[in-house]
Amino acid sequence: MAFLSTTDAFLLIVALACVWIGRSRSASPALKLPPGPPGLPFLGNLLQVDPLRSYPQLLRWAQQYGDVFYLRLGLQDVIVLNTAKAADDLLTDRSKIYSGRVAPHVAQDILSDGQRVLFMPHAREWKIARRAMSAAAGPAAAKKIRPFQDMESRTAIYDLMCHSAKGDEGPRSSSTQASPGREVPEGHWFHLVRRFSTTVPMFVNYGKRISRIVDNPQMDMVYDVVGNVTRVAQPGNYLADVVPLLRKLPDWMAPWRVEARRMHEWEMSLFGGLLDEEKVALSEGTVRDTFLNTYLRARSAAGHAEAPGNGLAGDTWMRDKLLAYTAGSLLEAASDTTAAAVLTFVLALLNNPPVLQRAREEVDSIVGPDRMPTFDDEENLPYVVACIQETLRCHPPAITGVPHRADEDDEYKGYRIPKGATVIGNVWAIHMNPVRYPDPTKFIPDRHLGGPPLRRAGGPDLEGRAHYAFGFGRRFCGGKDVAEGSLFILCARLLWGVDFRAPTDPVTGKPRVPDFADEDGTWSTGFIAVPKLFDVQFAPRSEKYETIIRRSFEELQDEWRDMGLLPDER
Ligand code: HEM
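Residues numbered from 1 in each chain as written. Predicted model: local features only at pLDDT ≥ 70, side-chain atom pairs only at ≥ 80, totals over all residues.

Take the UniProt feature "binding site: heme" (unreviewed entry) in the protein chain next. In the numbering used here, UniProt assigns the feature "binding site: heme" (unreviewed entry) to Cys 477. Along the chain, Cys 477 turns up in the loop between helix H16 (427-431) and helix H17 (480-497). (UniProt positions renumbered as here; feature names shortened; annotations may be inferred. Helix = DSSP H or I, 4+ residues; strand = E, 2+ residues; numbered from the N terminus.)

Structure representation (structure tokens):
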């Protein structure tokens, strides 16, 4: 509500009052809603939840009410599921009902012209888009992407190894200042991690890579687009999200609509521009095994070479705008989340030196100093994998998950789940549950050792599942295996060859490490929880490691050229 002017707030209250009176007269449900904190008339619990950082409050209520509680945010019913069992019972076992989304009107209907996959209802278009994304980034595709992740991680550890020689501010281009959604300076090491996390989906979708670390407007725009959609979708930002009546106003009375349409054109200059580039490449005879290229060829063979517009052609094939947004959705879903996980990994290990030392010892004993770790080493590096699992448990990037929707009235544990309710799998509460994870705030990779196979975040076994960072049921992350591949290869190689430590505080003489547990001080607000900027000193662990990393980077440049990709520009 901090976002609303007094007039807006007044209008909102009046509109909510009208609808609320209408609803309470008509509703006479047999079952009670789940328990929950008392709210105000009309507004419900709206003022009790900070939309920019809701997870601490949702955790407190989870501790008070148990398995499930109910909130009302304005007119919106919200059901919050706080244990792995409750979330799995509904979001996974009854996924036929619980796989929709309550789409924010301005962000989905206008900014995204209804085409953004993350916000789509559980309907035909989503199923077609999801199937195509699974072919491009699902488990089978993820195996084929590994050689590329291997190569990009060689660039990334070279960049990180060389970084401290430049200092954490590093070079800044003028575009840094001009770019509104980008709060990471180009010279900061966060930027190097972002390059790595973004180049992978760039390749998966478009067969391109991000070869430069400065002056790369296309990569900057990916983060601007992610930052912008997150802001637009933020509850409380647009009255039209909660008062449908306002959607009928003409444009001259609805400046937000005009502005959101303008932002849509801007987004399309990225997503649509990339699709156009791929079409041109195809028309020039470029055939490659990437998402858009493969899809366009198959669509053409099915008789839909030209399919402009939104939605589906022939009820089966994505038309251009849906296709552009589906690839764009992969790009944005993959970039910030993977970068956040890598940054969280580094922060977690700096906060836990004995864990860092043990992970490094494991890599040293299995891999030795003469070569880098590879994907083949993964099964012999269980502690490293456990550190990654624990990173995703201890501070998951999508910390409140992505809310689902109840598409039908339902009943759970004797309580009513109303049709249309937002249903949140409270990932943070599940991960902080001391029964499931003893000492939940502590970073303890050992808790993931032993038992079922390592890659089990999405496994069906409730007890054996390492964490819920990738979500639930049919909406489960569409790129989990790609994400795990990126995390493993970069983190293992960093541990192997690059020393990273916090700079010394000149006043205290102690290492300056942000406190992992300080939510306000250390973590950004918003949809993806990313550590705020912090400085790290990187250096090769010895001359021998430096030689291997440098030589590998130099050899890589010919490999990029052989693949028809741009070499690194440094
Ligand atoms: C550490 C990295 C990542 C994390 C923590 C993460 C987490 C998530 C979460 C929580 C969701 C929502 C699940 C739900 O609704 O229950 C999601 C959805 C999605 N993710 Fe990821 N993700 C990551 C990386 C990736 C990557 C690398 C890709 C693609 C290559 C990807 C593609 C997607 C897509 C397409 C969706 C939308 C699914 C839908 O709405 O149907 N993600 N992810």
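Moving on: helix H15 (residues 382-394). Taking 1.5 Å per residue, 13 residues should reach 18 Å; H15 reaches 18 Å between its end C-alpha atoms and fits that length. The element H15 is extensively covered by neighbouring structure, given that 11 of its 13 residues are classed as buried. Among the residues of H15, those classed as buried are Val 384, Val 385, Ala 386, Cys 387, Ile 388, Gln 389, Glu 390, Thr 391, Leu 392, Arg 393 and Cys 394. Against the buried residues of H15 lie helix H13 (320-351), helix H14 (353-367), H16 and H17. (Expected span 1.5 Å × (residues − 1). Buried ≥ 20, exposed ≤ 12 C-beta atoms within 10 Å, placed from the backbone. Contact = placed C-beta atoms within 7 Å.)

What tends to happen in soluble globular proteins is that the nonpolar side chains get buried as a cluster. Counting 149 residues, the largest nonpolar core has Ala 327, Val 342, Val 384 and Cys 491 as the members making the most contacts within it. Of the residues forming this core, the biggest block, 20 residues, is contributed by H13. If near-sequence neighbours (up to four positions away) are discounted, Val 384 is found in contact with Ala 359, Glu 362, Val 363, Cys 491, Ala 492 and Leu 495. (Core = buried A, V, L, I, M, F, W, Y, C linked by C-beta atoms within 7 Å.)

Within the secondary structure, Asn 351 is located in helix H13. The sequence separation of Asn 351 and Phe 443 amounts to 92 residues, and the corresponding C-alpha distance is 8.9 Å. Among residues more than four places away in sequence, those in contact with Asn 351 are Phe 443, Val 513 and Phe 516.

So, about unusual backbone geometry. Phi at Asp 113 is positive, roughly 50°, even though this residue is not glycine. The exposure class assigned to Asp 113 is partly exposed, which follows from the 18 C-beta atoms found within 10 Å. Residues other than glycine seldom take positive phi values, yet Lys 413 does so here, at roughly 55°. Looking at the secondary structure, you find Lys 413 in the loop between strand S6 (410-412) and strand S7 (415-417). Lys 413 sits in the exposed class, given 11 other C-beta atoms within 10 Å.

Among the 28 residues in the neighbourhood of the ligand, the closest are listed as Ala 334, Gly 471, Cys 477, Gly 478 and Gly 479. Listing elements by their share of the shell around the ligand, those giving two or more residues are helix H5 (124-137), H13 and H17. No other element matches the seven residues that H13 contributes to the shell around the ligand. Looking at the shell around the ligand residue by residue, the classes come out as 19 nonpolar, seven polar and two charged. (Near = placed C-beta within 6 Å. Nonpolar A, V, L, I, M, F, W, Y, C, P; charged D, E, K, R; others polar.)

All right, on to the environment of Glu 378 then. Relative to the elements of secondary structure, Glu 378 occurs in the loop between H14 and H15. For Glu 378, a count of 18 C-beta atoms within 10 Å corresponds to the partly exposed category. Placed 111 residues apart in sequence, Glu 378 and Ile 489 show a C-alpha to C-alpha distance of 8.7 Å. Beyond its immediate stretch of four places on either side in the chain, Glu 378 contacts Val 385 and Phe 488.

Turning next to H14. In this model, H14 (15 residues) spans 21 Å end to end at C-alpha, consistent with the 21 Å of a helix rising 1.5 Å per residue. Those residues of H14 that fall on the buried side of the exposure criterion are Val 355, Ala 359, Glu 362, Val 363 and Val 367. The buried residues of H14 occupy one face: seen down the axis, they fall within an arc of 100°. Within H14, the exposed residues directed more than 90 degrees away from the buried face are Pro 353, Pro 354, Gln 357, Glu 361 and Ser 365. (Arc of directions from axis to C-beta.)

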